[in-house]
Amino acid sequence: MPINLDSALGNLPQALSLRARRTELLASNMANVDTPNYKSRDIDFNTAMKQAQAPHQASLKVTHAGHLQPGNTMAGGVQVMYRIPNQPSLDGNTVDGQLEQAAFSSNAVQHQATLTFLSGRFRGLLSAIKGE
Amino acid sequence: MSLFDIFNVAGSAMSAQSLRLNTTASNMANAQSVASSPEEAYRARQPVFAAVFKSLYGNDPNASVKVLGVTESQAPAPQRYDPGNPLANEEGYVFLSNVNAVDEMANMISASRSYQNNVEVMNTSKQLLLSVLRLGQ
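Rules of the game
Residues numbered from 1 in each chain as written. Chains lettered and ligands numbered in written order. Predicted model: local features only at pLDDT ≥ 70, side-chain atom pairs only at ≥ 80, totals over all residues. Heavy atoms only, no water. Helix = DSSP H or I, 4+ residues; strand = E, 2+ residues; numbered from the N terminus. Rg over C-alpha atoms; globule rule 2.2 N^0.38 Å. Buried < 20%, exposed > 50% of the residue type's maximum accessible area, 1.4 Å probe, protein only. Areas by Shrake-Rupley, 256 points an atom, 1.4 Å probe, with all protein chains shown as cover. Expected span 1.5 Å × (residues − 1). Contact = heavy atoms within 4.5 Å. Polar contact = N/O pair within 3.5 Å; in protein donor to acceptor, adjacent residues only side chain to side chain.

Draft legend 1. Quick look at the overall build of chain B. Summing up its helical and strand segments, chain B has two helices and five strands in all. What you see in chain B, going N to C, is helices and strands ordered as α-β-β-β-β-β-α. Taking 137 residues into account, the globule formula puts the C-alpha radius of gyration at 14 Å, and chain B, at 22 Å, lies well above it. The C-alpha extent of chain B, read off along each of the three principal axes, is 80 × 35 × 20 Å. A total of 137 residues make up chain B; the buried ones form 36% of that total. Taken as a whole, chain B presents about 7,700 Å² of accessible surface, with 55% of it coming from carbon and sulfur.

Encoded structure:
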């Protein structure tokens, strides 16, 4: 009976790639905390996971290589949204440093957890292959 | 996995904040210097940041920071009546720099905080990438 790697790993690879993208996005937000007119962005992780598992219905169908997706989607149809700022600011920057730090920390912990679970799955597969 | 872009983003932010710290240091150093005319007086300098997006169409929201340039504050240089000063003009006034020490301290605290945050971001993503290398062990 061949081992089906997709069903053995479940939705962990998709979760991992989404976590990596969110880490990048939050790092960009933290880097641009002082840039005038920069708007802070984030993805809704739960919605994006559900969308990644269900077949795509939300992204536009492209029939030509030059067709573009709508401006606020990342590759793969993930919707990137803007954060609502808590305070007005003179220079148009909406990044809240503390909020971004908290979001980045929690996302990093969950990223690490996903990696640990994936590693556990691989070890389970390895022990099954070795017959222990 | 494109976590490697974070090194570029965080690195650019650290470089921008260190430039901001440099201009703050220059301003604080020259806060007490005087000159004979308003044109020669020291003006406070501030860097101007801009975000550089990776893709034009907004599909890739990664944005690193770029310093567009350093501008000089256009606030008027305060003058002081000091006829004994060798740099005084004909009426006896010297012109001080327009550096506001409180502004510069706030800038310094903000720049050092941002710098530390970006170092943390870089450390965390480096650890995550190293964890990937250890998958399955």
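Draft legend 2. Quick peek at helix α2 (residues 101–133) of chain B. End to end, α2 of chain B covers 49 Å across 33 residues, agreeing with the expected 48 Å (1.5 Å per residue, within 8%). Regarding α2 of chain B, the residues found buried are Glu104, Asn107, Ala111, Ser114, Asn117, Asn118, Val121, Thr124, Ser125, Leu128, Leu129 and Ser131 of chain B. Contacts made by the buried residues of α2 of chain B are with α2 (12–31) and α4 (97–130) of chain A together with α1 (4–29) and β2 (45–53) of chain B. Sitting at the amino-terminal end of α2 of chain B is Asn100 of chain B, which places a side-chain oxygen 3.2 Å from the backbone nitrogen of Val102 of chain B.

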